[in-house]
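Chain and residue survey
Chain by chain, the residues run as shown.
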Amino acid sequence: MRFARSSLIPLLVLFCASAAVAGSRPACPGPRLAGSPRAGGALAACRETRSADVLDVLVFSRTAGFRHDSIPDAVAMLGSLAAEGIRVEATEDPARFTDEVLGRFDVVLFANTTGDVLDDEQQAAMERFVRSGRGYVGVHSAADTEYGWPWYGRLVGAYFRNHPLLPVDVEVTTEDREHPSTVHLAPTFRFTDEIYNFDRNPRGDHVVLLTVDEEGFIYPNTDGGPSMGADHPIAWYKEFEGGRSFYTNLGHRRETWADPVFRRHLVAGIRWAAGGVQWNRIVLTDRPRNPLAMDVSPDGRVFWVERAGELRVWDPETGRVEVAARLEVSREGENGLLGLVLAPDFPTTGSIYLYYSSPDPEDIEVGVADEVGENVLARFRMSGRSALDLASEEVLLRVPSARINHEGGDLEFGPDGNIYLSVGDNTNPFGDTGGYAPLDQRPGQLLFDAQRTAQNPFDLRGAILRIRPDGAPADGNLYPADGSAGRPEIFVKGTRNPFRIAIDPGSGRLFWGDVGPDAFIDGPQGPRGYDEINFADEPGNFGWPRCIGFDRAYRRYDFASREVGEEFSCAGFRPAVLAYDYTTVDYLALGRAFDANDDSVTGRTAIAGTFLDEARGPFALPRKLEGTLLMTEWTRDLLAAIRVSEDGVLQSVERVVPWESFARPIDLHVAPDGALYVLEYGTAFGGNNPDARLSRIEHSRTGALTPVARIDATVLHSGAAPATFRISGAGSSAPNDEIVAWEWDLDGDGSVDATGPEISHTFDAEGTYPVSLSVRSAGGARSFPFVRRFFVGNSPPIVTIEEPVAGAQIEEGVRTAFRGTAIDPEEGEMPCDRLVWDVRLGHNAHAHPVAELRGCAGTFVPFLGGHRPGQNLFVAIELRATDRGGPGDDTALTGSTIRELEVRVEGD
């Protein structure tokens, strides 16, 4: 229990397998210093001198606050583990936290520590220890330790806040029965101990092992504060910065340390923490800026599309990103270059399918009439490894567009050889809908009625289409092939915003995520908004905008009189297999719209990423994920695996690598070697996201993972030649190993021009220089090349928004002025026609493109429609300008800045 704090003279207690063994323990090198390499092979050699069956654990139990009377019991129990191959040194001396001492151990275990127990140098040594690939275990009040050390807070997962006045008998649920520390536990069991409430819920970035039912909290909390609620984890784990972290809240009472169930739980946790990482995240490139979709070729090249019209290719052989083509596209609303898929015969034909918004005439009126533009599905051919032949275009299908939003555009091939194309309802969800179904049939409100598309059999929108590779309708679609009852290309009808689709290559089952409307609660018009995961084994209608979720019906509604009519019938419509709203937490693995730790609103966006039919290859995901849909929750920055039975019943929803932080994951793809590629859109609200990137997730049960090359430099641009840059590769890493070689290619010819973790290089001529780094581990594994471009003779424009001013509040429906400038260091002040303004409507944690304007100044009218007070409303206005490229080089650079403006609406 934690009522008072006291100091304690450090005490050192040693437990070893024998005195001889303790005295002969090899002196291993300390953990790698941050920003510097470890001497080649030293750690690996040290570990090889030990018995593979023996783990060395440093047990630390220093207290600078309340002291648990169970500490001697903890030391005794842990000291008795020598016979089980765990050799323990127990200490309360913080001076043991040096690189030399910690280098002798596989795991550091904090046993009921409290308060501030390490100084700055000792903390740094602990950080290096974990980053070197070792393990941390925290027991009970390890979470009541080092509140002023943010890194430790992330390591342990959560800090103690309060607890019931006395130990309580609680029902414990075993959430993960596959982890070694819980495999022996019953699905539920009772346990008596002091149960903590924590300052945050660790579920967001850990795998939760155990939770408790707070009905057993029969005593008030020590500070009178609240408990955690229905979701109350008490044990969890994660991989963390190259090492492993395991925490259990159990361990307060002396009796706990004598409990064989607890002993097995903790010992298995120690062994797991010492096991080395099995997951690896590699950022392959940070060249994406506004990416929407990707595909991976059998040779490992990654193709992706940028909304602005670029098809880009990342090459695993060189690490370089090439622009294969630039298409002229409309960027009104949510339009642009929207989707791609490689043909099944791509290796021999080079055929690639693109879905794009064809350019619009200058006098287009957006938001007034329907079908003012069109989106095009076309087949192209590659003319080289990274070049698209634009002249090879064959148009297969044209889809009308109102140039507003909900365009869809994802493409997939099914095992039947047909192409599937998702198309949104292309309806304005705002207006007077209040976040419910847009069913406004008043004159002049055509674009506010989703029935005109999603329930119109003769409209290709609000549907998922299935066509043959030549563009002809596939056989067996929803409507007859003669077109008498509807468009024969339609496979699924009644969708709202099916942004991403995925197909089981074995069964042909089609999955998609449908992004729902924004109503927070049920209302007179009908149910609240839901995001959905749907599937179809055969053609069908999924009900939007008359029904949503698990066949919840909207009502007929007169938008003029505000009269509510009868419910629509959901008969004949297909329900979702998974549906979730803003406020109800039905699937813990999908996180929360309202952050459980700080009450901020993140929103919801269900995206069907890819289907994992078989986990195969050296970097395959765990076999337990076979047969699952791998989805992303775009606004919540997470990945999850959805399992649906053959007869269509949802069986499980499971987080995937919860400890990884993603930046709006927008597409997923499984590579030929089993790794998972993640395309990240980036978190900025404009169209030039600096944290957009292409990542690769590897898994290996043996820990044989690819080293990670990383290039850091404080300066990337220089105005004149010659120019000298200091370039670092010290941030590179080798999971479960160490880097012994850094190889730099400075001129792009494929040869090694320099070695070592830090270099300084002078470029004598102006131009763009793609600097490449490859690293090699002591075990002989090589990284993918990582490339960062350095620019000599060219710097990006300096962009300034002068109006609206920072912190300004604007009003809905009131014309708002904007004004800005762009100064290019080489070209000088840029002409107004080169300044582009991207205006977006934002709410919660994302923003919808509204308009793209040009000029040094102008006006726009913020219109929020169905978004109402309390939905974190804002307008994001981005100004960007692109120069003409440096001398003798066609690499144009873009400068941008963005301003987020609070919008005041009636009712605020």
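Residues numbered from 1 in each chain as written. Predicted model: local features only at pLDDT ≥ 70, side-chain atom pairs only at ≥ 80, totals over all residues. Heavy atoms only, no water.

Looking now at the overall build of the protein chain. Within the protein chain, the regular secondary structure consists of ten helices and 57 strands. Taken over C-alpha atoms, the radius of gyration comes to 29 Å for the protein chain, in line with the 29 Å a tight globule of 908 residues would show. Principal-axis analysis of the C-alpha atoms places the extent of the protein chain at approximately 85 × 70 × 55 Å. Within the protein chain, the fraction of its 908 residues that count as buried is 60%. Considering only residue pairs separated by 6 or more positions, the protein chain has 67% of its internal contacts joining residues 24 or more positions apart. Surface accessibility of the protein chain: about 33,700 Å² in total, with carbon and sulfur atoms responsible for 49%. Taken together, the 87 basic and 134 acidic charged side chains of the protein chain have centroids lying 3 Å from each other. (Helix = DSSP H or I, 4+ residues; strand = E, 2+ residues; numbered from the N terminus. Rg over C-alpha atoms; globule rule 2.2 N^0.38 Å. Buried < 20%, exposed > 50% of the residue type's maximum accessible area, 1.4 Å probe, protein only. Contact = heavy atoms within 4.5 Å. Areas by Shrake-Rupley, 256 points an atom, 1.4 Å probe, with all protein chains shown as cover. Lys, Arg positive; Asp, Glu negative; His and termini not counted. Charge placed at Lys NZ, Arg CZ, Asp CG, Glu CD.)

Glancing now at empty space enclosed by the protein. Counted by the stated rule, this structure contains eight cavities of 30 Å³ or more. Here the second largest cavity is characterised by a volume of approximately 80 Å³. As for the second largest cavity, its lining consists of G494, R496, D514, V515, G516, P517, Y530, E532, F542, W544, C547 and I548. Its residues assigned to classes, the lining of the second largest cavity comprises seven nonpolar, two polar and three charged. (1 Å grid on protein atoms, 1.4 Å probe; cavity = no way out; pocket = protein on both sides within 12 Å on 5 of 7 lines; lining within 4 Å. Points joined across faces, edges and corners; volume = space filled by probe spheres on them. Nonpolar A, V, L, I, M, F, W, Y, C, P; charged D, E, K, R; others polar.)

Across its twelve residues, helix α5 (residues 120-131) extends 17 Å between first and last C-alpha, which sits within 8% of the 16 Å expected from 1.5 Å per residue. Those residues of α5 that fall on the buried side of the exposure criterion are Q122, Q123, A125, M126, E127, R128, F129 and V130. The opening residue of α5 is D119, an N-cap whose side-chain oxygen sits 3.2 Å from the backbone nitrogen of E121. In the segment just after α5, G133 is the residue with positive phi, at about 105°. (Expected span 1.5 Å × (residues − 1). Polar contact = N/O pair within 3.5 Å; in protein donor to acceptor, adjacent residues only side chain to side chain.)

The way to describe two aromatic rings as a pair is by their centre distance and the angle between their planes. Taken as a whole, this structure holds 35 aromatic pairs when the rule is applied. Joined through ring pairs, the aromatic side chains of F60, F97, F110, Y136, W149, W151, Y152 and F240 make up one cluster. The residue whose ring lies beneath R500 is F499, and the NZ or CZ to ring-centre distance is 4.4 Å. The ring of W634 carries the charged tip of R664 above its face, separated from the ring centre by 5.7 Å. (Phe/Tyr/Trp six-rings, centres within 6.5 Å; stacked < 30°, edge-to-face > 60°. Lys NZ or Arg CZ within 6 Å of the ring centre and 35° of its normal.)

What follows is about the confidence of the model for the protein chain. Mean pLDDT over the protein chain: 91, with 91% of residues reaching 70 or higher. Throughout residues 1-51 the model reports pLDDT below 50, and contacts reaching past four residues in sequence, or to other chains, amount to 130 contacts. (pLDDT = per-residue confidence, 0-100.)

This part covers the state of the cysteines. One pass over the full model with this rule turns up two disulfides. Each disulfide pairs two cysteine sulfurs, and for C832 the partner residue is C856, the sulfurs being separated by 1.9 Å. The chirality of the disulfide connecting C832 with C856 is left-handed, given an S-S dihedral of about -100°. Placement of C832 in the loop between β52 (828-829) and β53 (835-843) and of C856 in the loop between β54 (846-854) and β55 (857-860) is noted, with a sequence separation of 24 residues between them. (Disulfide = S-S within 2.5 Å.)

It is worth spelling out the sheet that holds strand β39 (residues 665-670) at this point. Spatially, four strands are ordered β13-β41-β40-β39 in an open sheet, and the strand pairing comes out antiparallel. The outermost strands of the open sheet, each flanked by one partner alone, are β13 (279-285) and β39. Shown here is a sheet whose adjacent strand axes are inclined to one another by a mean of 25°, direction ignored. Bridge analysis of β13 against strand β41 (residues 693-699) gives six bridges, and the strand direction is antiparallel. Note that in β41 the partner of T285 across the bridge is L694. (Pairing = 2+ DSSP bridges. Axes fitted to C-alpha atoms, helices over the stretch in contact; angles between N-to-C directions.)

Structurally, E489 is set in the loop between β24 (463-467) and β25 (490-493). A relative accessible area of 8% means that E489 is categorised as buried. Apart from the residues within four sequence positions on either side, E489 is in contact with L397, L460, I464, L465, R466, I467, P473 and N477.

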